[in-house]
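A closer look at the structure
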Amino acid sequence: MLKIISGKDGNYIYSLSYAEINTLLAETDDSRLPVYSVSILRNIMVEPIESFLKYEVLQLGSNMSISLGEYDNIYQESVGCQQGPIASTTDCVLVFLSLWTLSPDLSFRFSALSNKEVKQEMDRVVGVFSNILDGIRLKTSCPIIFSGFEEPYAPAMGVLESQAGIVGQRETIRSLNYRLQEKLAAIKNAYFLDLNTPLSTLGAKKYYDHRLWHIGRIPYTLEGFREIAQFVAAFIRILLAKTCKCIVLDADNVLWGGIIGEDGIEGIKLGASHPGSCYQAFQQEVLNLFNKGVILAICSKNNEEDVIEVIRNHPYMLIKEEHIASMRINWSNKADNIRAIANELNIGLESIVFIDDSEFEINLV
């Protein structure tokens, strides 16, 4: 399936509510899709994430099967003799090991601990996640996605947290994450899920639900679970080899503001200040993807010489000819042009992301 992004239409898949996602999943016949089986071990309640994960993986063309381990039973299901959710058919093991449950001392009573007690508790936590990882690997060779520990947004030492000579709560948890990353790096096919990323994206007030934590040991809001699921799906996308290979870009009102055929090279919006800075910033993000190996192409209804002039001569144009693997700048319909680009680059349409500002072109493609 060709992925399409519109500059005007805000109907992204992420705008669906939790209820709408559940309705869509119930109404979707996914019986013919390949099954991707995930086993979840957890010491917190994460049931709301199931719908978000299934929906994200559905966008990748797979039917996610989730086997959920018992609450706070990670050690027994990994190190112990209990089979738990991990089976021979498991494609991926996802571990949510929250420090809130694992170490209330480091999470909630840090200011009462001596430096010696902090070190002892850190060593205990490291021993726990090391044993869990070793136990999982003995049960399966499939990929492991292991959550890190969120740094506190209101650390125990307050404003003194960052002062020299003080071993603070944030530094302690950061150190635990480093040690977890080292352990994961030593295990084949094991990945660190940095939960500070979704936390920073949403902000703590939208990420955590302390009321639900006390009621049912559910630490996150629905929006928090949504962000975490999208982050997990990014790993699964790589594991399924569903990553984007090529971005096909429109020109007018995408790479620059305005219409080059009408405004001319001096009249389009592209520069270091607003409104041109928005388009330059977009180009920089596209180049960041190019530097990671993504192929760039242009598909624009324009006079080719006008677009080439901007690419070659505009002082604030960041994307140059050497970055562009294929160009279709003509008045043919964009669906045919994108097919031609795919054939030229020898890639499938499912590997292409199309970015355009026109709702008509979006619908056509």
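Residues numbered from 1 in each chain as written. Predicted model: local features only at pLDDT ≥ 70, side-chain atom pairs only at ≥ 80, totals over all residues. Heavy atoms only, no water.

**Overview of the packing of helix H6 (residues 115–139) against helix H7 (residues 169–185)**
Pairs of packed helices are described in terms of their axes, by the angle between the two and the distance that separates them. Contact geometry for H6 and H7: axes closest at 10 Å, N-to-C directions at 30°. Accordingly, the angle class assigned to the pair H6 and H7 is roughly parallel. Here H6 runs over H7; the crossing is right-handed. Together, Val118, Met122, Asp123, Val125, Val126, Phe129, Ser130, Leu133 and Asp134 of H6 and Thr172, Ser175, Leu176, Arg179, Leu180, Lys183 and Leu184 of H7 make up the contact between the two elements. (Axes fitted to C-alpha atoms, helices over the stretch in contact; angles between N-to-C directions. Helix = DSSP H or I, 4+ residues; strand = E, 2+ residues; numbered from the N terminus. Parallel < 35°, antiparallel > 145°, perpendicular 65-115°, else oblique. Left-handed = near helix turned anticlockwise from the far one by under 90°. Contact = heavy atoms within 4.5 Å.)

**Brief notes about the pattern of salt bridges**
Going through the model one piece at a time under the given rule, you end up with 14 salt bridges. Close ionic contact of Asp250 with Lys334 constitutes a salt bridge, the shortest N to O distance being 3.1 Å. Of the two residues, Asp250 is situated in the loop between strand E7 (246–249) and helix H12 (260–267) and Lys334 in helix H15 (residues 334–345); the sequence distance between them amounts to 84 residues. By the burial criterion, Asp250 is buried, and Lys334 matches it. In the salt-bridge network here, residues are joined through shared partners; they are Lys119, Asp123 and Arg179. (Salt bridge = Lys/Arg side-chain N within 4 Å of Asp/Glu carboxyl O. Buried < 20%, exposed > 50% of the residue type's maximum accessible area, 1.4 Å probe, protein only.)

**Structural notes on the side chain of Glu77**
If you trace the backbone, Glu77 turns up in helix H3 (residues 74–78). Buried Glu77, no salt bridge; nearest opposite-charge side chain is Arg42, N-O distance 6.5 Å. A distance of 3.0 Å separates a polar side-chain atom of Glu77 from the backbone nitrogen of Glu70. Other than its neighbours up to four places away in sequence, Glu77 contacts Leu41, Gly69, Glu70, Gln82, Gln83, Gly84, Pro85, Ile86 and Lys139. (Lys, Arg positive; Asp, Glu negative; His and termini not counted. Polar contact = N/O pair within 3.5 Å; in protein donor to acceptor, adjacent residues only side chain to side chain.)

**Looking at the environment of Pro198**
Take Pro198: it is sitting in helix H8 (residues 196–202). Along the sequence, Pro198 and Glu150 sit 48 residues apart, while their C-alpha atoms lie 9.7 Å from each other. Once residues lying within four places of it in the same chain are set aside, the contact partners of Pro198 are Tyr207, Glu227, Ile228 and Phe231.

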